[in-house]
Amino acid sequence: MIKVKINGQEQSWDGDPDLPLLWFLRDEAGLTGTKFGCGQALCGACTVIVDKEAVRACITSINDVAGREITTIEGLHPNGDHPVQKAWRQVNVPQCGFCQAGQIMQAAALLMDNPKPSHDQIREAMSGNICRCGCYQRIENAVHLASTGV
Amino acid sequence: MNFIDNPEKLRGFEKNVRVEKVSRRSILKGLGITGGFVLAAPVMSRQAFAYETGADKMPHGVVVDPRVFVAVAPDGTVTILAHRAEMGTGVRTSLPLIVAEEMEADWSRVKVQQAHGDEVKFGNQDTDGSRSTRHYLIPMRQIGASARTMLEQAAAKRWGVPATEVKAVNHEVVHSATSRKLGFGELAADAAKESVPSIEGLKLKDPKDFRYLGKGQISIVDLHDITTGKARYGADVRLPGMKYAVIARPPVTGGKLVSFDPDAALKVPGVEKVMQVRGWPWPSKFQPLGGVAVIARNTGAAIKGRDALKLTWDDGANGKYDSVAYRKELEEASRKPGLVVRQEGDADAALKGADKIVVGEYYLPHLAHVSMEPPVAVADVKGDKAEIWAPVQSPGGTREDVAKTLGIPEGNVTVNVTLLGGGFGRKSKCDFALEAALLSKELGAPVKVQWTREDDVRHDFLHTVSVERIEAGLDKSGKVIAWRHRSVAPSIASTFAAGAKHEAPFELGMGLVDMPFEIANISCENPEAAAFTRIGWFRSVSNIPRAFAVQSMVGEIAHATGRDQKETLLALIGTPRIVKPAVKDMWNYGEPFDSYPIDTARLRKVVELVAEKGEWGRQVPKGHGLGIAVHRSFVSYIATIVEVAVDDKGKLTVPRVDTAIDCGTYVNPERIASQIEGAAIMGLSLAKYGEITFKDGKVQQKNFDDFQVLRMDESPLVTNVYIVPPGPDTPPSGAGEPGVPPFAPALMNAIFAATGKRIRNLPLGKQLEA
């Protein structure tokens, strides 16, 4: 039996310990905010925060995070008002929106690590997250806005 | 217009408008909607148009009926149906916003509800071709005006005053003579009893009184849900008892399953079943490819199970497809005469007599869509009834195809349209929904079919592959007197029927035969090309290779004559005029020429605007270069300037992009800007990396590692967007697709300016490093 804490709630799993965290979250725990984009840690759509680090849930097994604290987009802020989320709305970042949960989690993790990133640091830190609609300019601006006070 | 340079301007943008499920009860109490949306609403004639569009010629045309699209609840909540699919363009917000504007509804009290697939009821729902705003601006205004008129009539009756004395203002109807007011909610029941006014008699608002349209102050309705993980895409649908499936499909288009061994797959924890999926012979429009499905309790188990399958395939006739060899065939075909599809003057003679001939042969490979959400669908088939939940651009078409595939009446199929995690044309093809329907029928349970990224890259309906060869003949003064353009590319028609060898009118009309330059001798030719894989629409379609070739050639002519790119471009466009190409069956994006001519004044205008705002001719540092390109597509006009920097190792960066678009009358300039910003990213993506190759009939790429798309660290540092203010009667035109085509040629013209290297073969790859 593997135990994990997701958004503050204890969850357990007694199936395949190699099951990627992504599919546990989406299909078993019903937390569909975390998205499947590539399955190979190439696009960042599945980014969640494990303890204080951004992690790609698609290549992280449920066993790898046993006993750890996982935060998904649903648990980032009780009202959805994390500074990154607010900045995202002020800048009207999303087009289709599918990659945005991963982008937001990556940005939140970046700001935990580096509260005042430069534009270059933002571009570098966010480059693991693909947006096919091409919202990069707005993502960069939203992260900057979140870091300077929404 | 640049919304991003001044983020403080965007403060307060966030509106607390949310999309919620509306209960049937509140709808029933609403504006004349009876029987839960099932009513025999008369489709009214629409003669009151200020201009004609091709909307009526689309399958099922247009329905203008407030009882179908609008409901007012007693509490005043106005529900407006969005009948087109949301894939990131903002259409799910902008079409209902038009209705709200015209009916004087307060947007903060509006809820948007997604319509299911039913084109008889809602009119055409194909969300493609950059058509939604241009086909629906006037119908949505008429729907809103009808609803407003019914509310006003109800209020006038209540007060016993002539309807001419009352006026709807911001969610109320007002009788100013007596200072009486009634809220929309208070009038809902009575308004529902009013007859629907004739369209001819409707009074539309004066645009100067618009509160929302053209302002760009309203954020998309899904914004809050997207940022909190609540927005529901196709993959997010969960039903009780639902099974999870992935499918192993034939690696070669048209291939067949010979045998499979399910034993190892069945041993994977969580795998419940392995079963064959019916496939159709190629080509068969959007029918499934067939293969073997692994059914499991979660997607992870299904994928692991599929990896364990032992499969034997018969690759069939396309097993020889090799993109390197095929490219040579296309190039050779482009060097010989082909079917003449436009002829003016005598291009052969003029080329023979030319002082100088500039030749360019341009190659653009297959491209995959790779929307961030791979194809996915949920189906629940019970007996002769089917319910589908899927991210489809064509809900009506999906309904038809599901009915046909299952052999049940269309009326028994419900297609629920989720948000689309990107579409770009891929999700106009509903094969993934058909797979889910077939599996659910056989399993007797709801099932979700999830495509992996590898499935998406390997089994896409790809953008075609093409060689575009242009020969421009110049006289002694440097004036272009002859133009021969041969376009060789497999047609999308090949996906619908075997044997298509020439491009269809809708493909020829995308930048080949509609070429707007003022040249005396023009020949456009279309040599034969066969398809060996599934070809489909990709955002901007044939405009991508055409604009790349034509606008690169402008740069080549500028160089050959020692003139400025922009001046060369304007000289080629020539005098302000309406271009009427000598072409049989000329296709104009489905639009009548009277409303949507090829207008070189507008083409010149976007060039001049982008040159002014984008500071064409500015001094740039060493190693930098500027390039310009213009293109008309989806009946819009768009010009782009790209600045590049190439370092001594050949590393490319893009410091700045400027784009000017004239898309006529617009609804939401903020979303137009976002489309154009995104188009620059997609344009740079395809120019730098975009290439799907084939060997032994199989796609050689699989995921974002070998089919790369642009990432943030290489994206343009700034993209500025300028929107041409529309004239009073300028019809709306496309905004979703036009941004892509001019990007690659502007980029290559800029690279030439910076380095002297002319890139004619896409993608750029490592060509600058040599």
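Model, not experiment: these values are computed from the prediction. (Residues numbered from 1 in each chain as written. Chains lettered and ligands numbered in written order. Predicted model: local features only at pLDDT ≥ 70, side-chain atom pairs only at ≥ 80, totals over all residues. Heavy atoms only, no water.)

A few words on the overall build of chain A. Within chain A one finds five helices and five strands. A compact globule built from 150 residues would reach a C-alpha radius of gyration of about 15 Å, and chain A, at 15 Å, matches this within 12%. In terms of overall dimensions, chain A has a C-alpha envelope of 45 × 25 × 25 Å along the principal axes. For chain A, with 150 residues in total, the buried portion stands at 63%. A sequence separation of at least 24 residues applies to 58% of the contacts in chain A between residues at least 6 apart. Across chain A, the centroid of the 13 positively charged side chains sits 9 Å from that of the 16 negatively charged ones. (Helix = DSSP H or I, 4+ residues; strand = E, 2+ residues; numbered from the N terminus. Rg over C-alpha atoms; globule rule 2.2 N^0.38 Å. Buried < 20%, exposed > 50% of the residue type's maximum accessible area, 1.4 Å probe, protein only. Contact = heavy atoms within 4.5 Å. Lys, Arg positive; Asp, Glu negative; His and termini not counted. Charge placed at Lys NZ, Arg CZ, Asp CG, Glu CD.)

Listed by partner, the interface residues are 72 residues for chain B and 55 residues for chain A. Contact between chain B and chain A buries roughly 5400 Å² in total, counting both sides, with carbon and sulfur atoms accounting for 55%. The interface formed by chain B and chain A includes seven salt bridges. Residue B:Arg297 pairs with A:Glu28 through a salt bridge whose shortest N-O separation is 2.4 Å. In this assembly, chain B and chain A are joined by 32 residue pairs in polar contact (both at pLDDT 80 or more). Of all the secondary structure elements, the ones that give two or more residues to the side of chain B that touches chain A are α7 (223-228), α9 (299-307), β17 (447-450), α14 (453-458) and α19 (669-688) of chain B. Looking at the side of chain B that touches chain A element by element, the count peaks at 10 residues for α19(B). Residue composition of the side of chain B that touches chain A, grouped by class: 33 nonpolar, 22 polar and 17 charged. (Buried area = accessible area lost by both parts, 1.4 Å probe. Salt bridge = Lys/Arg side-chain N within 4 Å of Asp/Glu carboxyl O. Polar contact = N/O pair within 3.5 Å; in protein donor to acceptor, adjacent residues only side chain to side chain. Nonpolar A, V, L, I, M, F, W, Y, C, P; charged D, E, K, R; others polar.)

Our next topic: the domain arrangement of chain A. Residue and element names in this part refer to chain A. Considered domain by domain, chain A is made up of domain 1 (2-75) and domain 2 (83-148). Here domain 1 and domain 2 have C-alpha centroids that lie 21 Å from each other. Taken residue by residue, the interface counts 15 residues in domain 1 and 13 residues in domain 2. Taking both partners together, domain 1 and domain 2 bury about 1200 Å²; carbon and sulfur atoms supply 66% of that area. The interface formed by domain 1 and domain 2 includes zero salt bridges. Where domain 1 meets domain 2, there are three residue pairs in polar contact (both at pLDDT 80 or more). Those elements that place two or more of their residues in the side of domain 1 that touches domain 2 are β3 (47-50) and β4 (53-56). Looking at the side of domain 1 that touches domain 2 residue by residue, the classes come out as seven nonpolar, five polar and three charged. (Domains from an automatic or database assignment.)

Residues and elements named next belong to chain B. Read across the sheet, seven strands follow the order β9-β10-β7-β17-β14-β15-β16 without closing on themselves; strand pairing throughout is mixed. Each edge of the open sheet carries a strand with a single partner, namely β9 (271-277) and β16 (413-417). Taking each pair of neighbouring strands and ignoring which way they run, the sheet shows an average axis angle of 25°. Here five bridges tie strand β14 (residues 376-382) to strand β15 (residues 385-390), and the two strands are oriented antiparallel to one another. (Pairing = 2+ DSSP bridges. Axes fitted to C-alpha atoms, helices over the stretch in contact; angles between N-to-C directions.)

As a further point, take the environment of B:Ile692. Residue and element names in this part refer to chain B. Structurally, the position occupied by Ile692 is in the loop between α19 and β26 (694-695). Sequence spacing of Ile692 and Leu257 is 435 residues, and the spatial spacing of their C-alpha atoms is 24 Å. Leaving out residues up to four positions away in the same chain, Ile692 has contacts with His366, Leu367, Ala368, Val457, Leu462, Val699, Gln701 and Phe707.

Here we come to the packing of helix α12 (residues 395-406) of chain B against helix α13 (residues 431-443) of chain B. Residues and elements named next belong to chain B. Two elements in contact, α12 and α13, have axes whose closest approach is 10 Å; the angle formed by their N-to-C orientations is 40°. Handedness of the α12/α13 crossing: right-handed. Across the interface between the two elements, Thr398, Asp401, Val402, Thr405 and Leu406 from α12 touch Ala433, Leu434, Ala437, Leu438 and Lys441 from α13. For the contact of α12 with α13, the per-class residue count stands at six nonpolar, two polar and two charged. (Left-handed = near helix turned anticlockwise from the far one by under 90°.)

Below, the discussion takes up the packing of helix α3 (residues 100-113) of chain A against helix α5 (residues 136-148) of chain A. Describing two packed helices takes the angle between their axes plus the distance from one axis to the other. Residues and elements named next belong to chain A. As a packed pair, α3 and α5 sit with axes 11 Å apart at the nearest point and diverge in direction by 40°. In this view, α3 runs oblique relative to α5, as classed from their interaxial angle. Classified by chirality, the crossing of α5 by α3 is right-handed. Here Gln100, Gln103, Ala107, Leu110 and Leu111 of α3 lie close against α5, whose contacting residues are Ile139, Val143, Ala146 and Ser147. Tallied by class, the residues present in the contact of α3 with α5 amount to six nonpolar, three polar and no charged. (Parallel < 35°, antiparallel > 145°, perpendicular 65-115°, else oblique.)

Looking now at the packing of aromatic side chains. Residues and elements named next belong to chain B. In total, this model carries 17 aromatic pairs over all chains according to the counting rule given. Their ring planes at 65° and their centres at 6.5 Å tell us that Phe286 and Trp537 sit as a pair that is edge-to-face. You can see Phe286 sitting in the loop between β9 and β10 (291-296) and its partner Trp537 sitting in the loop between β20 (521-526) and α16 (543-561), a full 251 residues away along the chain. Residues Phe496 and Trp537 carry aromatic rings whose centres are separated by 6.0 Å and whose planes lie at 75° to one another, so their mutual orientation is edge-to-face. A residue pair is termed long-range when its members are at least 10 positions apart, and Phe496 in the loop between β19 (480-488) and α15 (505-508) and Trp537 in the loop between β20 and α16 qualify at 41 residues. Joined through ring pairs, the aromatic side chains of Phe286, Phe461, Phe496 and Trp537 make up one cluster. Positioned over the ring face of Trp451 is Arg426, at 5.0 Å from the centre of the ring. (Phe/Tyr/Trp six-rings, centres within 6.5 Å; stacked < 30°, edge-to-face > 60°. Lys NZ or Arg CZ within 6 Å of the ring centre and 35° of its normal.)

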